[in-house]
Amino acid sequence: MAQAALKSSLTYERDIRPILKANCFQCHGEGEKLKGDLDVRLRHLIAKGGEHGAAIVAGKPEKSLLFTQVRDGEMPKADKKLTKAEIETIRQWIASGAKTARPEPKELGKEPYFTEDERSYWFFQPVKRPEVPKVRNTKLVRTPVDAFLLKQIEAQKLSFAPEADRRTLIRRATFDLTGLPPTPEEVTAFLADESPQAYEQLIDRLLASPRYGEHWGRHWLDVAGYADSDGYNEADTERKYSYKFRDYVIRAFNDDKPFDQFIREQLAGDEMVKPPYKNLPPDSIEKLVATGFLRMAPDGTASGEVEQKISRNHVVADTLKIVSTSLMGLTVGCAECHDHRYDPIPQADYYRLRAVFEPAYDWKNWRAPAARSISLMTDTERAKAAGIEKEAAKIDAARTKRQQEFIDEVLEKELEEKDAGIRDALRIAYRTETKKRTPEQVKLLKEHPTIAQLTSGSLYLYDRTYKTKHADELKKLTEEAAKIREKKPAEDFVNALTEVPGKIPETFLFHRGDPDQPKQKLEPAELTILASWRPTKISATNAVLPTTGRRLTFAQHLTDGAHPLTARVLVNRVWLNHFGRGIVASPGDFGFLGQRPTHPELLDWLASEFVSQGWSMKKLHKLLMTSAAYRQSSVRDPKKDRLDPDNRLYARMTPRRLEAETVRDAILAVSGKLNDKMFGPPVPVMEDEVGQVIIGKENKDGEGKVAAKIDLKGDEFRRSIYVQVRRSRPLGMLEAFDAPVMEPNCEARNASTVAPQSLMLMNNTTVVEYAGHFAECITKDAGQDAAAQVKRAWWLCFAREPGKTELEKGVTFLNGQTDFFRDQIASAKTKPKETAEQQALANFCHALLSANEFLYVD
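Residues numbered from 1 in each chain as written. Predicted model: local features only at pLDDT ≥ 70, side-chain atom pairs only at ≥ 80, totals over all residues. Heavy atoms only, no water.

Trainee: Quick one: what's the story with the nonpolar core, residue by residue and with numbers?
Mentor: Ranked by size, the top nonpolar core spans 127 residues in total, and within it Trp 220, Phe 259, Leu 267, Phe 293, Phe 554, Trp 575 and Leu 606 carry the most contacts. Sort the elements by how many residues they give to this core and helix α15 (residues 308-328) lands first, with 8 residues. When sequence neighbours within four positions are dropped, the list of residues in contact with Phe 554 reads Leu 267, Val 323, Met 328, Leu 353, Val 356, Phe 357, Glu 526 and Ile 538. If you look at the next biggest cluster of nonpolar residues, it comprises 48 residues, including Val 670, Leu 796, Phe 798 and Leu 855. (Core = buried A, V, L, I, M, F, W, Y, C linked by side-chain atoms within 4.5 Å. Buried < 20%, exposed > 50% of the residue type's maximum accessible area, 1.4 Å probe, protein only. Helix = DSSP H or I, 4+ residues; strand = E, 2+ residues; numbered from the N terminus. Contact = heavy atoms within 4.5 Å.)

Trainee: So what about helix α10 (residues 198-208)? Which residues, and what values?
Mentor: Residue pairs three or four apart in sequence face the same way in an α-helix, which turns once every 3.6 residues. By the burial criterion, the buried members of α10 are Ala 198, Tyr 199, Leu 202, Ile 203, Leu 206 and Leu 207. Where α10 is buried, its residues touch α8 (166-178), α9 (184-192), α11 (210-224) and α26 (617-625).

Trainee: Kindly report on the packing of aromatic side chains, identifying the contributing residues and their values.
Mentor: Tallied over the full model, the rule gives 35 aromatic pairs. Where Trp 575 meets Tyr 650, the ring centres are 5.3 Å apart and the plane angle is 85 degrees; that geometry is what we call edge-to-face. In this pair, Trp 575 sits in helix α24 (residues 566-579) while Tyr 650 sits in the loop between α27 (638-643) and β5 (656-657), placing the two residues 75 residues apart along the sequence. For the pair Trp 575 and Tyr 650, one class covers both residues: buried. On the numbers, 6.1 Å between centres and 40 degrees between planes, the contact of Phe 813 with Phe 844 is tilted. Taken together, the positions of Phe 813 in helix α33 (residues 804-827) and Phe 844 in helix α34 (residues 836-849) put the pair 31 residues apart, joining distant regions of the chain. Residue class for Phe 813 comes out partly exposed when judged on its relative accessible area of 33%. What links up through ring pairs into an aromatic cluster is the set Tyr 212, Trp 220, Phe 245, Tyr 248, Phe 253, Phe 259, Phe 262, Phe 293, Phe 610 and Trp 615. (Phe/Tyr/Trp six-rings, centres within 6.5 Å; stacked < 30°, edge-to-face > 60°.)

Trainee: Can you break down helix α31 (residues 765-782) residue by residue, with the values?
Mentor: Look at α31: 26 Å from first C-alpha to last across 18 residues, which is about the 26 Å you get at 1.5 Å a residue. Every buried residue of α31 is listed here: Val 767, Tyr 770, Ala 771, His 773, Phe 774, Ala 775, Cys 777, Ile 778 and Ala 782. Residues of α31 that are buried sit in contact with α28 (660-670), α29 (732-735), α30 (755-763), α32 (786-798) and α34. Of the residues that open α31, the one with a side-chain oxygen 2.8 Å from the backbone nitrogen of Thr 766 is Asn 764. Count one or two residues on from α31 and you reach Gly 783, which has phi positive near 75 degrees. (Expected span 1.5 Å × (residues − 1). Polar contact = N/O pair within 3.5 Å; in protein donor to acceptor, adjacent residues only side chain to side chain.)

On their own, these measurements won't tell you what the molecule is for.
Given below as C-alpha cells:
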C-alpha cells in the first residue's frame, strides 16, 4: 500500500526534473541547438519527443525511450550515468502516469524558467521572524533558542540532558571563545563564584579578551581563503602584506564591528575611499585593507610560466566561489560553464555576478598582484625620505670620488711599468666606456690585462697596503651613508582590490565557460530567482562615485537586513562552531544539493534576531552560550541514541575535537611558552632536513641543505593564527589535525580521527620539545614532589583535580620512569643535560598532551 502511494505521488517537478536537470539539460534543453530535437525541460515536451518520436508513454515505461535509454546506459552520453535509484524513480513515475504537480507553460522563452518548487524553496524566501514556540517544560527555557529546540525534542517525548558541571562549562566556553584552555586559577575562581551571574560574567570576560578575536577571526579566515602566498603553481610566491587583512579581521571581531559593515568593507572598502589613494587617514587605510578579502584567491598571474588568459579567469572564478560560499551559501561557481545542475542559477546569473567584480578584475586589462599594491607612504614621509636620500647621496659621492682617486693612483703606477709609447693609448682605452671602445682599444686592453682588470673590487690585488690604508676609510663612508638611510621612513603597502576610474569593461557570457567564445553581453545583477519579490538589478555605474559602485551596491543588497541568504548563512556558521554541526550541515551550500535545516524556524529566528541586534556577533555568542541547550552535558542516553543517533535534535551536547590551531595553541599555553604578541608579519615556515614543514626561517647552504638555525626570538611560540599560511607548505603539525586547505577557501573543516594524529603527537620533535617546556613549567609551579606535579599537570591539561586512582597511577608512572632514566644515565657514556626526574616528568607531560581528554572538549 505504502509503495503504491509512493508511486502515485511522484511528480515531474519534484522527482524527475532534478534528475534530468543534473544529467540531461545540457544537451536536451540548454544551448543553441537541441540534440535529437528533444527538449526534456517540461513534461509535455518530453511527451512530444524529438527525432525518434515520443520519449514517454504514460503508464508504459518499457515503451518509453526516456526510460529504456537510461536503463540500457545509452543515455546520458557522458561517463557519469544515472544511479539505479534514479532510473527506478523514472520507471515508477512513468508507470504511475507521468504526472505533473501543476499545469506547465506551453513553451519556454529565452528568460530562465523556474518551477514552482524552485521558486518556493525555503532558502529563497524572505526571512520571517516566527513566534517562539510554547513548550511543556518551561523551566528548561533559558533563551528562545531552547524553546525552538524543545519543540522537536518534546515531540519525541525526550528532554534536554542535565546541565554540565561548572568545570566542564568553563573549559567548553573558554575553548569556544578563545581557542585556549582556562588556567587553573580561572577554573578555581569560577568554581568558587556562587553568584547567579557567574556564568554570564564568564561569557562577558571571554568575549572581552583579545584572544577572542584571534580565535573567531580564524573561523572567518577559513571561508575567506586566507593565505600568505599566491598558490596556483609551484612558485607559490609569498604575499608580503596579506597579514594586514588577517589583523583587520582579528580587530573587527574584538571590536564587535557590526557584521554588515564588516561585509561591506570587505566587498567594497575601496569604493568608500576617494582615489587617488594617497595621504590616507587610518579609517581609509582600514577600508582598503578590508578588500584583501577579494585578493585571497590563488593568483599565478605574476608568473611568466602560466597561460595568462586561463590564470586570470581562474582568479576571477575563485573569487566568486569565495564570495558565494561565504556570504550567499550557494555554489554559484557551478554555473560558470552551464546552468547550475541542481539550483535555480542560470549560467547568465553567474556572469551577471561576475560583472559586479570585473571593473576591478578586468581580465583583458589585467594588473599583476604587485601592481595592485597601494603605498601607504604620505607626501610628507616621501619628502622626508628624499631629503635623507639626498644627504646620503653626498656621502656616496664622496666615497665614489675617493675610490676613483685610489683607482687613478694604482692606474698611474701600472702605466709607469708599460712602454712610454703606449701609456696614453692605454689610459684612454681604459677610461673609455666599454661599449664605445674601438676594436683597437679592445685589442690593446686584452694584451694588457693588469690594466683591463683594474676595478674597485680588485684594488687589493694591486696594493697590499690598500686594505689597511684605504678600505677601512671607504667602509666607514659606506656605513655612514647606510646609517643616514636608516632614518628614512619605511614604505609600507596594502594588498587591496581597486578599480581603475573611467575603465569599465563589458561582461559577456562565455559559452561553456570559454573566454574565447563570448556570447551575449550582460549587466551586473543578483540572482534572478529572487527577482519576484526583491530588486536584483545593480546599476552599471554610480554618478556620485569615481568608481562604478557595483560592489558597494551588491554589498548593500546583501546587508540590507531583508536579504534571504546572508544572515541565515552567518548565524548558521556561528551555530556550527558552538554546537559542532550547523542547523544546515552544509554551511557553504544551502541549495538543493546541500542539507536541509534541522530547525528552519530557529534558523530564521536567529537570522532575524542577529539583524535586529545590529549584526552584533558578540550578542549572538552570548545568546547561544547562555541557552540551556549549550549548557547541557554530553551524557549519553539509550533512548536518545536510538531515536536520534546523530544528535540532530540537540538533546545533549556533542563532544568535539580541538581544531588544528587550537591543539598547538593549547600545548603552548599549558607548557607556559605561549607568546601572546598580536598582529604583524607572519611567523615563517620552512622545510627541515627530511622535508617536513616546521616553524623556522629558511637558511640553506650552497648545496641547498638546511644550515644553522636562525633565532626567531620567541616568535616560534606565537599563536597559530600568526604562523605563515603557505599553500604549498602547510605546517606539518597543523596538517595532521585537518588544518584548512584553501582551494580556494575552506567552507567547513574536517574533524577526522586517524592514526597519523597519534603518531605525530608521539614522534613530532616539536611536541617532544613542548613536553619538555611543560615539565619545566610544572617543576616551577609544583616543585619536586611527584604528587604535586601530577596534580598541577592535571589542572593545566584537564582543568580538574585528578581522581584518587589517576593520582596514584601518575605518581607510579613518574617513579618508574625516574628509575628507568637513572639506569640509562648510569650506563651512558655521554651524560644528558636533564636529570632522570626531569626526563620522567617530560615523559609524563608528553603522555597527557596525547590524551583524548586534552584533545576533546566535552
